[in-house]
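Commentary on secondary and tertiary structure
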Amino acid sequence: MAEVNQKEEFVVEASGLTKIFKDFWNRPKARAVNGLDLKIRKGEVFGLLGPNGSGKSTTIKMILGLLYPTRGELKVFGQDPQNVSMKSRIGYLPEETYLYKYLTAFETLDFYGALFGLEAEQRKERAGQLLEMVGLAHAVDRPVGEFSKGMARRIGLAQALVNDPDLVILDEPTSGLDPIGCREVKDVIRLLASRGKTVILCSHLLADVQDVCQRVVVLYGGQIRAQGMLEEILREEDKTQIVTPRLSEKTVQELRAFLAAHGVDAPERIQVDNPGRDLEDYFLEVVRKATEQKISTAGAHAPGAMPEYLQKDSPQPSGQDILRSLQGREEEEKRKAEAARAEAQLRAATQAQEEKRRKELEELKGANTPSAEETAAAQAKEKADADAKAREELNQKLSSLKSK
């Protein structure tokens, strides 16, 4: 049991992970990920950063099992990413929201819940709670094809959480969202982390990453160029910041004199001003006041309460759960071994059949090809026939001369 818990400590483990895309002639075209070494702990909010083309999406697709690594080793929950049974523990919000536009908001969540094998009553309950959470309870019967980009993005976030996943991968989750939706996404991420869930956040909005992530890596050219705990890598060790209630001008001058007496006398090194409000907080306050005044809107409403099932602590695996997990792995290995044996047998049978056909063709070819003796006899016969024909023609000419 200790060994299983030790494996569960790291949700994602990558060693020397490399992905090379090739052209039609199987020649290397682009090295998207190059020797990536990565470990993501359980319960961690992890930021995957980098400019366009740095390998972020390729890394995510390999974690999801959608792409095969060219080289290296990758484990998710201690298993191969291609393991289908393990995927029920993952929730994924892709960069682009792909939905069936003729399904309603409720039908969409019900459909994805059915894919995970949830019971009908459980799907109905979770769909209602999730729609309330993302502020779309009023649009439960509207086809998602009528939704704006931001509303579709909210449905995408809801479907990523319908199975109560242990690993949530969010690729540009706040793209197209208003500040209300952005704050909601960050609140959901914080809630999931408090429950011991693991979140991988991939975003170009660095302010959002800074608000929620505990640790980040920065990719460039498919390699890690920087990594570490966010607080540590952003801390400016050579500066000190003091925040106080509003000070009078006299007090400020006294502070400046005190600092000058202690060697901090350069005016450009001392900054005294009033801190500004966060624009996101100001925006949310304006919306909150409008909501309290019951001003109607056809768009997304203010987010509701978090679903109850998302707020419950994840149950610890029992001994029976661990045994079932191990048995499932053994069965998976057996299936792989049986498939490999069947493939080898089929390959051997195919090769034997091809060898048999080759021998038959060679025999047939040998039977149709004359031997050297037969060839010489045929040539002698042709020569005798030609001589006989020449003699006959000569006799005919002599006969005609005699008659004249």
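Cut-offs and rules
- Residues numbered from 1 in each chain as written.
- Predicted model: local features only at pLDDT ≥ 70, side-chain atom pairs only at ≥ 80, totals over all residues.
- Heavy atoms only, no water.
- Helix = DSSP H or I, 4+ residues; strand = E, 2+ residues; numbered from the N terminus.
- Buried < 20%, exposed > 50% of the residue type's maximum accessible area, 1.4 Å probe, protein only.
- Contact = heavy atoms within 4.5 Å.
- Pairing = 2+ DSSP bridges.
- Axes fitted to C-alpha atoms, helices over the stretch in contact; angles between N-to-C directions.
- Patch = residues over 30% accessible without salt bridge, like charges linked within 9 Å, V, L, I, M, F, W, Y side chains within 5 Å.
- Areas by Shrake-Rupley, 256 points an atom, 1.4 Å probe, with all protein chains shown as cover.
- Salt bridge = Lys/Arg side-chain N within 4 Å of Asp/Glu carboxyl O.
- Core = buried A, V, L, I, M, F, W, Y, C linked by side-chain atoms within 4.5 Å.
- Phe/Tyr/Trp six-rings, centres within 6.5 Å; stacked < 30°, edge-to-face > 60°.

1. Things to note about the overall build of the protein
Looking only at helices and strands, the protein features 13 helices and nine strands. Within the protein, the proportion of its 404 residues that are buried is 32%. For the protein, the share of sequence-separated contacts (at least 6 apart) that also reach a separation of at least 24 residues comes to 70%.

2. Quick word on the sheet that holds strand S4 (residues 71-76)
Hydrogen bonds along the backbone pair up the strands of a sheet, which may run parallel or antiparallel. The antiparallel open sheet is built from three strands, whose spatial order is S2-S1-S4. On the outer flanks of this sheet lie strand S2 (28-41) and S4, each paired with one strand and no other. Here the strands of the sheet are splayed against their neighbours by 20 degrees on average, with no regard to which way each runs. Pairing analysis gives nine bridges linking strand S1 (residues 10-22) to S2, with the strands arranged antiparallel. When the sheet's bridge partners are listed, Ile 20 is paired in S2 with Arg 31.

3. Quick look at a nonpolar patch on the surface
Nonpolar side chains collect at one region of the surface, where Tyr 100, Phe 111, Leu 115 and Phe 116 lie side by side and expose about 400 Å² of accessible area between them. Inspection of the secondary structure assignment puts Phe 116 in the loop between helix H3 (105-115) and helix H4 (120-133).

4. Digging into unusual backbone geometry
Apart from glycine, the bulk of residues carry a negative phi angle, and the bulk of peptide bonds sit in the trans form. Backbone geometry places Phe 77, a non-glycine residue, at a positive phi of 55 degrees. Along the chain, the position of Phe 77 falls in the loop between S4 and strand S5 (90-93). Classification of Phe 77 as buried rests on a relative accessible area of 2%. For Glu 172, which is not a glycine, the phi torsion comes out positive at approximately 50 degrees. Residue placement: Glu 172 occurs in the loop between strand S6 (167-171) and helix H6 (179-194).

5. Some words on the nonpolar core
Soluble, globular proteins show a tendency: their nonpolar side chains are buried together. Leu 130, Phe 147, Leu 161, Leu 170, Ile 189 and Cys 213 are the most contacted members of the largest nonpolar core, which totals 42 residues. Leu 170 has contacts with Leu 93, Leu 157, Ile 189, Val 199, Ile 200, Leu 201 and Cys 202, leaving out every residue within four places of it along the chain. Ranked by size, the runner-up nonpolar core spans 27 residues in total, among them Leu 17, Ile 60, Val 76 and Met 86.

6. Notes on the pairing of strand S7 (residues 198-202)
Among the five residues that make up S7, five are buried, leaving the element largely enclosed by the rest of the structure. In S7, alternate side chains face the same way, and those of Thr 198, Ile 200 and Cys 202 on one face and Val 199 and Leu 201 on the other are all buried. In this sheet, S7 lies alongside strand S3 (residues 45-49) in parallel orientation, the contact comprising three bridges. By the bridge assignment for S7, Phe 46 is matched with Ile 200. Examined bridge by bridge, S6 and S7 share five bridges and lie parallel to one another. Note that in S7 the partner of Val 168 across the bridge is Val 199.

7. Here's the deal with the packing of aromatic side chains
On inspection of all chains with the given rule, the structure shows three aromatic pairs. A centroid spacing of 5.5 Å and a plane angle of 85 degrees characterise the contact between Tyr 100 and Phe 111, whose relative ring orientation is edge-to-face. Residue Tyr 100 is located in the loop between S5 and H3, and its partner Phe 111 is located in helix H3; the two are separated by 11 residues in the primary sequence. Pairing Phe 111 with Tyr 112 gives two aromatic rings, centres 5.3 Å apart and planes at 70 degrees, and the pair type is edge-to-face. Residue Tyr 112 is classed as buried on the basis of its relative accessible area, which comes to 17%.

8. Side note on the pattern of salt bridges
What the rule picks out here adds up to 14 salt bridges. Ionic pairing is found between Arg 142 and Glu 146, a salt bridge with its closest N-O pair at 3.7 Å. For Asp 166, the salt bridge identified is with Lys 197, shortest N-O distance 3.1 Å. Separated by 31 residues along the polypeptide, Asp 166 in the loop between helix H5 (149-161) and S6 and Lys 197 in the loop between H6 and S7 bring together distant segments of the chain. One network of salt bridges, in which partners are shared, links Arg 89, Asp 164, Asp 166, Arg 195 and Lys 197.

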